[in-house]
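Structural overview for review
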Amino acid sequence: MPDERPSVLIFQDLRFCQESAPLWSTQFSPTNGMETTGYMPQAASKRPALFTVYEQDICRTNCLGCGHLQALTVLEALPEFCESHDRRIDRARRLPRPTNADMLRPDRDDWKESDRPMAIERKRWDALSILNLARGFQESRILLTAVELDVFSRLSEKAKSATDVARQVRTNERAMTKLLDALTAMDLLTKRQGVYSTPASVRALLTSDSRQSVLPMALHSAFVWRSWDHLTDVVRTGKRSSTQTRQRDKKDLESFIHAMRVIASPRVVAQVKAMRPGKPKRILDVGAGPATYTIALLNECPGARATVFDLPPVIAIARKELRQAGVLSRVSFVAGDFYTDSLPEGHDLALLSAIIHQNSRKENVELYRRIRDALVPGGRLIIRDHVMDPARIRPRAGALFAINMLVNTEGGDTYTFREIREDLESAGFSTVRQTRKGEMMDSLVKARKPKE
Ligand SMILES: C[S@@+](CC[C@H](N)C(=O)[O-])C[C@H]1O[C@@H](n2cnc3c(N)ncnc32)[C@H](O)[C@@H]1O
């Protein structure tokens, strides 16, 4: 049996062709057919960089800073890699072989959050898995239609026949029967003696009156489905069609804002702790939505007050959430449009959470300028969003989200750290750092307004 455990090389103070460019490497193991992608921590951190290699395997190594790509055996690659990048490795030493589990241990205390390597096992496709992917929309569409018709709420109190449900929601009876049967086949409903009901496990998740409900997020997915339907045309033409630029009605907007709460709530406390907000006195939450982050920041920073800035219809939702969280007295509200209005001044911490992806780079520079003006000298900005690797393929969720922005916005995208840093710097921010790398739109970038 060949030993499949990785060996580890530690490069001390390894410099890349571009100082802060992380390095991706993909190894293909002919012995176990597995492809593993290792993510090299940023060289700028001047910390030892860990790089997993498979001995005697073919190793494709590319520095995405300069796009350089080679297919080499790892140990031979070492000098060649260095030469090709015209950099000197001061020391390279072999370590005893760790197990895979050691390599992927997420809690190594000598790793900063931002240094943590990600190892991703590549999917191996076959005919069936490709076809399953192609048909994946079917189950998704069945669920989305059910939530649009609020089927789960209607069947949560009392079991009903398809005829009753069809009458209640004013739909075609035969079609409703098919829908309910398919939902039952998917274990989202139960069917006994011709009547359907929502099982308790699904009730909490998909009925409108439960606070744990993911219904708003599912409704938001139903909303964006309509734009995703045009993806092929958008890719052909580069433009969204006029039928796509439909404005959200009140119900869609409420679903969207509550969807933001549903997504954020389970992780918001940990996220805000990871932000290390310090002891700000006045926090500005730009595009605060349901104010989930404002609430968590106020809980984390007991001495702080906050200003919630959002579009007029959203402010009412935020106010309700803040009252429910018991922090309303510490919050001021400013309704406005961050593309055209200036932001309220005098803050020492600003938050831009899940905002920059909806904007083009130009719009972001404009927004960063407005935020700089709203901050006192030395004030800080924290951005929470996807931060893409230079090749824009990781995090995976960020690459997929870029498509969501392609079909739903004029110029939105998911950005690399370098792009974010350039835009912040051109808006007058300094000391721009990425302090967290995350898979789930939970990367963090911090910047400071100079003290003048
Ligand atoms: C994706 S949500 C993020 C909400 C919140 N920051 C969070 O992370 O949970 C985007 C928010 O930005 C707000 N927004 C979008 N465009 C805006 C604009 N032009 N001016 C003010 N707020 C805007 C939306 O109303 C929404 O609340």
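These figures come from a predicted structure and were not determined experimentally.

Brief notes about the overall build of the protein chain
Each helix and strand in the protein chain was counted, giving 17 helices and 19 strands. Counting the 452 residues in the protein chain, one finds 34% classified as buried. Sequence-distant contacts, at least 24 apart, represent 67% of the contacts inside the protein chain between residues at least 6 apart.

Some thoughts on the packing of helix H4 (residues 136-148) against helix H7 (residues 173-185)
It is the contact of H4 with H7, at a shortest axis distance of 10 Å, that shows an interaxial angle of 120°. Between H4 and H7, the angle falls in the class oblique. The two elements H4 and H7 meet at a crossing, and its hand is left-handed. In contact with Ile 142, Thr 145 and Ala 146 of H4, H7 contributes Leu 179, Ala 182 and Leu 183.

Topic: the nonpolar core
Across soluble globular proteins, nonpolar side chains show a tendency to be buried alongside one another. Counting residues in each nonpolar core, the largest one holds 53 residues, and the members touching the most others are Val 286, Leu 297, Ala 350 and Ile 371. Phe 152, Leu 155, Leu 183 and Phe 223 belong to the second-largest nonpolar core, a separate cluster that totals 21 residues.

Quick look at the site of the ligand
Close contacts around the ligand come from 17 residues, with Gly 287, Gly 289, Phe 338, Ser 353 and Ala 354 the closest. Those elements giving two or more residues to the shell around the ligand turn out to be helix H11 (250-264) and helix H13 (292-300). For the shell around the ligand, the per-class residue count stands at 11 nonpolar, 4 polar and 2 charged.

Digging into helix H6 (residues 162-169)
Within the sequence span of H6, burial applies to Ala 162, Val 165 and Ala 166. Buried positions in H6, seen along its axis, are confined to an arc of 100° and lie on one side of it. Buried residues in H6 make contact with helix H5 (151-154) and H7. In the segment just after H6, Arg 170 is the residue with positive phi, at about 55°.

Comments concerning the confidence of the model for the protein chain
Mean pLDDT for the protein chain: 78, with 71% of residues reaching 70 or above. Overall, residues 1-121 carries pLDDT values under 50, and its contacts beyond four positions in sequence, including any with other chains, amount to 174 contacts.

Focus: unusual backbone geometry
The omega torsion across Arg 394 and Pro 395 is -5°, close enough to zero to call that bond cis. Its place among the elements puts Pro 395 in the loop between strand S16 (387-388) and helix H16 (396-408). Of note, Arg 170 is a non-glycine position whose phi angle comes to about 55°, a positive value. Exposure remark for Arg 170: the 7 C-beta atoms within 10 Å place this residue in the exposed category. You will see that Arg 392, though not glycine, has its phi angle at about 65°, which is positive. Following the sequence through the fold, Arg 392 ends up in the loop between S16 and H16.

As for the pairing of strand S14 (residues 347-353)
Every other side chain in a regular strand lies on the same face of the sheet, so the side chains alternate between the two faces. Of all 7 residues making up S14, 6 are buried, and the element is well covered by its neighbours. Here 6 bridges tie S14 to strand S15 (residues 375-385), and the two strands are oriented parallel to one another. Along S15, the bridge assignment pairs Ala 350 with Leu 381. In terms of handedness, the path from S14 via helix H15 (residues 361-374) over to S15 forms a crossover that is right-handed.

Considering the packing of H4 against helix H9 (residues 215-228)
The packing of two helices is summarised by the inter-axis angle and the distance between the axes. One way to put it is that H4 packs onto H9 with a least axis distance of 9 Å and a crossing angle of 115°. With respect to their mutual orientation, H4 and H9 come out roughly perpendicular. Crossing geometry of H4 relative to H9 is assigned as left-handed. For the pair H4 and H9, the contacting residues are Leu 143, Leu 144, Val 147 and Glu 148 in the first and Leu 215, Ala 218, Leu 219, Ser 221, Ala 222 and Trp 225 in the second. By residue class, the composition of the contact of H4 with H9 is 8 nonpolar, 1 polar and 1 charged.

Regarding the sheet that holds strand S13 (residues 331-335)
If you walk across this open sheet you meet the 7 strands as S13-S12-S11-S14-S15-S19-S18, and the pairing is mixed. Each having just a single partner strand, S13 and strand S18 (430-436) make up the two edges of the open sheet. Mean inter-strand twist for the sheet, computed between neighbouring axes without regard to direction, equals 20°. Contacts from H13 reach strand S11 (282-286), strand S12 (305-310), S13 and S14, with the element oriented near 170° to S12.

Observations regarding the environment of Asn 299
In this fold, Asn 299 is placed in helix H13. Sequence separation of Asn 299 and Ala 325 is 26 residues, and the distance between their C-alpha atoms is 9.6 Å.

Structural notes on the environment of Ala 402
Positionally, Ala 402 belongs in helix H16. The class of Ala 402 is partly exposed, set by 17 C-beta atoms lying within 10 Å. Counting along the chain gives 44 residues from Ala 402 to Gln 358, while the straight-line C-alpha distance between them is 9.5 Å. When near neighbours in sequence (up to four residues on either side) are disregarded, Ala 402 contacts Asp 413 and Thr 414.

Conventions adopted
- Residues numbered from 1 in each chain as written.
- Predicted model: local features only at pLDDT ≥ 70, side-chain atom pairs only at ≥ 80, totals over all residues.
- Helix = DSSP H or I, 4+ residues; strand = E, 2+ residues; numbered from the N terminus.
- Buried ≥ 20, exposed ≤ 12 C-beta atoms within 10 Å, placed from the backbone.
- Contact = placed C-beta atoms within 7 Å.
- Axes fitted to C-alpha atoms, helices over the stretch in contact; angles between N-to-C directions.
- Parallel < 35°, antiparallel > 145°, perpendicular 65-115°, else oblique.
- Left-handed = near helix turned anticlockwise from the far one by under 90°.
- Core = buried A, V, L, I, M, F, W, Y, C linked by C-beta atoms within 7 Å.
- Near = placed C-beta within 6 Å.
- Nonpolar A, V, L, I, M, F, W, Y, C, P; charged D, E, K, R; others polar.
- Arc of directions from axis to C-beta.
- pLDDT = per-residue confidence, 0-100.
- Pairing = 2+ DSSP bridges.
- Right-handed = clockwise from strand over helix to strand, strands pointing away.

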